[in-house]
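# Structural features, examined
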Amino acid sequence: MLEALHFPEAFRELVMECVTTPKFYIMINGVMRGFFSSARGLRQGDPISLFLFVLCMEYLSRILNEMGELQQFNYHPRCKDIRLTHMCFADDLVMCCKGEYASVYLLLRAFKLFSSSTGLQANVSKSAIYTCGMNVRERQRIVDVSGFSHQHLPFKYLGVPICAKRISNTQCEVLIEKMTARIRLWSSRNLSYTARTQLVQSVLLSIHQYWAQIFVLPQQVLKKITQICRDFLWSGQYFTLKSGYIAWEKVCTPKNEGGLGFRDVTKWNIACMVRKVYDTLVGEHPKVHWAGIIWNRLSLPKHRFISWLAFQERLQTTSRLAAMGITNQDNCLLCAMQKEDHYHLFFQCPYSKGCLQAFKEWLSITTSTTDLKLLIRWIQRSRKSKFQKNVMYAGITGLIYKIWQSRNKVFWEMCAPNIDASCKQLKNIVKPRVRVVLP
């Protein structure tokens, strides 16, 4: 086969040397025994076996393509225009033709030639024949000749159901179950918002994206996927009655527009089907000036998420909880002097103002403002270097996180925070982070 494919003689000799001379040893009672020669060539998992298998499947493809040129062979009606006889991914093979005995018999003869040449046989227990519109007698004749069983659609190929009609909600239950199974595994770990964000982006939405590139998923399934991702992000569970702090449509916008960069599952499914750019379907949104501060690479992930909520005024402050009817008190938990809203917490409260002043002295910030947005504007317009600005941004996100953490400790532990101790802890967090991330 290597010679027929015109590989150089020196290369063929090296390959055959690898195939004909492997030796193995085994461990018996903790002692290595061997070596002994292999009787069947390469073992499964040998690095070179993958490449040799690809060559074998190339041989099968050429056999089936030659068979497709025969006058007696008829293509499947849906495959005639592209002259498709087979699809192969690794060792998963699908062969198709018109539903008649003559064409199926030619396919079986071609595969038998491949098997006799390479020694690769079909696993009868894992192989099946699927037909449509054939009479029972001719179908049974094919089953008898092939030795394969006759089964009905749908069947699973590469992890997804293959069916003749539009995929149904029932057939998508396996997709929903995959996502909920992952969340059940994670739900016992008390994950932070940052960890959940990463898992939604890299795992849950990736599971959906694979299916979305193949099928037009039912709207009910897409809504269920959105609900699962939303509930896991805000509660850590795959189902909850708790509402999110920020609308899911806002969460699915790019980071520089105030979101988390999640893909909208419905629009992504449409984009995959019609092959249009995803961003065109999402549309344009106004840019936010604080995106670069939060998603700065020097900031810790847990600082980013809390800061993201703070900049959009979605942290669960006492004034916000009082407005929702959850509590009767709206006083600041840190100073008990004024209503606790985002403006007061960052940085009008005496505690947060003291932390901000110590932070300014540490990084030589000369502005006198105590307003968070004005502070960001001052840093952006200053003549500091890019690195100095990134360090300041990392410090601001860390300061926001530290103030929110101190506020929660007052609520849960009745522990009054100390400005000097808080600033010392902030420095001990930011400095190592900068050293680690620096190139």
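Right, let's walk through the structure included here. Predicted model only: the values in this text are computed from it and were never measured.

## What about the overall build of the chain?
In terms of regular secondary structure, the chain is built from 18 helices and eight strands. On C-alpha atoms alone, the chain measures out to a radius of gyration of 32 Å, which is more than a quarter above the 22 Å that the 2.2 N^0.38 rule sets for 439 residues. Dimensions of the chain, computed from C-alpha atoms along their principal axes, come out at roughly 90 × 55 × 50 Å. Within the span of the chain, comprising 439 residues, buried residues form 40% of the whole. If you take every contact in the chain between residues at least 6 apart in sequence, the share linking residues at least 24 apart comes to 57%. As displayed, the chain offers around 26,400 Å² of accessible surface, 53% of which is attributable to carbon and sulfur atoms.

## A short note on the nonpolar core
W234, V251, F262, W308, F346 and I400 are the most contacted members of the largest nonpolar core, which has 78 residues in total. Looking at this core, the element that brings in the most residues is helix α17 (residues 386-413), giving 11 residues. One finds I63, L64, Y101 and I129 within the second-largest nonpolar core, a separate group that totals 20 residues.

## Thoughts on the packing of aromatic side chains
Applying the stated criterion to the full structure yields 19 aromatic pairs. The interplanar angle of 45 degrees and the centroid separation of 5.4 Å between the aromatic rings of W186 and F232 together place this pair among those described as tilted. With W186 in helix α5 (residues 173-186) and F232 in helix α7 (residues 219-235), this pair connects stretches of sequence that are 46 residues apart. As far as the burial class goes, W186 and F232 line up, both buried. What links up through ring pairs into an aromatic cluster is the set Y193, W234, Y245, F305 and W308. Sitting above the plane of the Y101 ring, R141 keeps its charged end 3.6 Å from the centroid. Taking NZ or CZ as reference, K255 lies 4.4 Å from the ring centre of W295, over its face.

## A few points about the side chain of H344
With respect to the secondary-structure elements, H344 resides in helix α14 (residues 342-348). In this structure, H344 is in contact with C332, C335, Q338, K339, C349 and S352, ignoring residues within four places of it in sequence.

## Regarding a nonpolar patch on the surface
Residues Y25, M27, M32 and F35 make up a contiguous nonpolar surface patch of roughly 480 Å² in combined accessible area. At the level of secondary structure, the elements contributing two or more residues to the nonpolar patch comprise β1 (23-28) and β2 (31-37). Locating M32 in the fold gives a position in strand β2. For M32, a relative accessible area of 41% translates into the label partly exposed.

Rules behind the numbers
- Residues numbered from 1 in each chain as written.
- Predicted model: local features only at pLDDT ≥ 70, side-chain atom pairs only at ≥ 80, totals over all residues.
- Heavy atoms only, no water.
- Helix = DSSP H or I, 4+ residues; strand = E, 2+ residues; numbered from the N terminus.
- Rg over C-alpha atoms; globule rule 2.2 N^0.38 Å.
- Buried < 20%, exposed > 50% of the residue type's maximum accessible area, 1.4 Å probe, protein only.
- Contact = heavy atoms within 4.5 Å.
- Areas by Shrake-Rupley, 256 points an atom, 1.4 Å probe, with all protein chains shown as cover.
- Core = buried A, V, L, I, M, F, W, Y, C linked by side-chain atoms within 4.5 Å.
- Phe/Tyr/Trp six-rings, centres within 6.5 Å; stacked < 30°, edge-to-face > 60°.
- Lys NZ or Arg CZ within 6 Å of the ring centre and 35° of its normal.
- Patch = residues over 30% accessible without salt bridge, like charges linked within 9 Å, V, L, I, M, F, W, Y side chains within 5 Å.
- Salt bridge = Lys/Arg side-chain N within 4 Å of Asp/Glu carboxyl O.

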